[in-house]
Amino acid sequence: MNASGRFDDKVALVTGAGSGIGRAVAMRLAGEGSSVFAVDIDGERLEETRRMASGPVVVWQADLSDPDACVSAVAACVQQLGRLDVLGNIAGIYLAEHTTKVTREQYRRVMAVNLDAYFFLAQASIPHLLEREGNIVNIASNAGLHGLPYSAAYCMSKGGVVQLTRALAVEFLKTPLRVNAIAPAGTNTNLATSTTFPSDMDIDLVTRMAGLRGMAEPEDVAAVFSFLASEDARSVTGAIYTVDNGLTAS
């Protein structure tokens, strides 16, 4: 881990910090000097992240599918750590199912966690970020840039994250606030390894999702996140960075 100090005296709120990309980002930023307010639905995994980190991490358990929980998380971060410099919208869920079999409850859950929460966290954070000339980094997906089989709701949610990123960047162009997104493809996380596709899926459709270079590691995404959230990316806003081993380009 690069302990460069690029985030000294900064505060970052990172969602999904109990595992995968969220944990990797929390640990990376803490290692680079940030105080991290780590949010996840799983309290035990949050504690693991806190113990593993090489810098200060405050944990906050919340179900971000509830807009009020999003607002409360931001308020708690500012109350406990005094400010907010970086919002990392990372928490997400995946649903692999025939579109005709997706229930309304499943659909709403995907949208609530993957898109609605990003909006409400951003909405609550922006006044604080403007005070600190801070920034937002959203985790989108290559699924938000092209279609994937058995993943209609997920693709919709991540496409929404891409457009949310661009819309906020444009809305705040006359301020120091920057808003960017990262669009990973397959990444070696609990989310990816635990996803089950329909037993009667068309394997020809699914194999098109795999690239020649395999999966990325969460730390690969965290490295790009660290750059985008830092002053090194001061001229970058409204950008969607793909971390997909060339999958989107092919």
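Residues numbered from 1 in each chain as written. Predicted model: local features only at pLDDT ≥ 70, side-chain atom pairs only at ≥ 80, totals over all residues. Heavy atoms only, no water.

**Points about the packing of aromatic side chains**
The tally for this structure, following the rule as stated, stands at five aromatic pairs. Ring centres of Tyr94 and Tyr154 lie 4.3 Å apart, and the angle between their planes is 50°; on these two criteria the pair is classed as tilted. Residue Tyr94 is located in the loop between strand S4 (86-89) and helix H4 (104-132), and its partner Tyr154 is located in helix H5 (residues 152-171); the two are separated by 60 residues in the primary sequence. Between the aromatic rings of Phe119 and Phe120, the centroid separation amounts to 5.2 Å while the plane-to-plane angle is 90°, which identifies the pairing as edge-to-face. Judged by relative accessible area, Phe119 falls into the partly exposed class, the value being 39%. Relative accessible area serves as the criterion here: at 25%, Phe120 is assigned to the partly exposed category. (Phe/Tyr/Trp six-rings, centres within 6.5 Å; stacked < 30°, edge-to-face > 60°. Helix = DSSP H or I, 4+ residues; strand = E, 2+ residues; numbered from the N terminus. Buried < 20%, exposed > 50% of the residue type's maximum accessible area, 1.4 Å probe, protein only.)

**Examining the pairing of strand S5 (residues 135-139)**
By the criterion of burial, S5 is predominantly enclosed, with five of the five residues buried. By the alternation rule, side chains of S5 split into Asn135, Val137 and Ile139 and Ile136 and Asn138, which are all buried. Since S4 and S5 lie parallel, the crossover through H4 that links them has a hand, and here it is right-handed. Examined bridge by bridge, S5 and strand S6 (residues 178-184) share five bridges and lie parallel to one another. Bridge assignment links Val137 to a residue of S6, and that residue is Asn180. Handedness of the crossover joining S5 and S6 through H5 is recorded here as right-handed. (Right-handed = clockwise from strand over helix to strand, strands pointing away. Pairing = 2+ DSSP bridges.)

On their own, these measurements won't tell you what the molecule is for.
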